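Chains, contacts and geometry: an overview
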Amino acid sequence: MIQNIVTPKGGEVEFFEGGRGYTNTVIEKVIRDWETEEITSSKKQSISINDLILKECNGQIDWLHLDVEGLDDKLLYSLTDEQYLNLDLIIFEVR
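Below is a summary of the structure that appears in this document.

About the cut-offs
- Residues numbered from 1 in each chain as written.
- Predicted model: local features only at pLDDT ≥ 70, side-chain atom pairs only at ≥ 80, totals over all residues.
- Heavy atoms only, no water.
- Buried < 20%, exposed > 50% of the residue type's maximum accessible area, 1.4 Å probe, protein only.
- Helix = DSSP H or I, 4+ residues; strand = E, 2+ residues; numbered from the N terminus.
- Arc of directions from axis to C-beta.
- Patch = residues over 30% accessible without salt bridge, like charges linked within 9 Å, V, L, I, M, F, W, Y side chains within 5 Å.
- Areas by Shrake-Rupley, 256 points an atom, 1.4 Å probe, with all protein chains shown as cover.
- Salt bridge = Lys/Arg side-chain N within 4 Å of Asp/Glu carboxyl O.
- Polar contact = N/O pair within 3.5 Å; in protein donor to acceptor, adjacent residues only side chain to side chain.
- Contact = heavy atoms within 4.5 Å.

1. Overview of helix 2 (residues 49-56)
Listed in full, the buried residues belonging to helix 2 are Ile-49, Asn-50, Leu-52 and Ile-53. For helix 2, the angular spread of the buried residues around the axis is 165°, confining them to a single face. Directly after helix 2, the chain includes Asn-58, whose backbone phi takes a positive value near 55°.

Okay, here's the thing in structure tokens:
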């Protein structure tokens, strides 16, 4: 299992978590819109979506399923040509 915070460019990000940790995101507005319990934030390292595909998957993926609390479109737009030209399927969430 790969557990990384994935962002368009990678690097240090502010990571927001609410409640018992079921809700988390790098976009504060997303969690503030509906989380009723206390929200905490901390600085964490993220990996770019391109590095994730290249390093963790050896550049070999057939499909991509995103549900990343408000960051889906930014991740898709940050894919390089090599990453998405061979995808058979892309599923993503639109708010």
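Let us keep going from here.
2. Quick word on a nonpolar patch on the surface
Taken together, the side chains of Trp-63, Leu-89 and Ile-91 make up a nonpolar region of the molecular surface, amounting to roughly 300 Å² of accessible area. Residue class for Trp-63 comes out exposed when judged on its relative accessible area of 53%.

3. Examining the side chain of Glu-35
Position of Glu-35 among the secondary structure elements: in the loop between helix 1 (28-32) and strand 4 (39-48). Polar side-chain contacts of Glu-35 include one of 3.3 Å to the side chain of Thr-23. Once residues lying within four places of it in the same chain are set aside, the contact partners of Glu-35 are Gly-18, Gly-19 and Thr-23.

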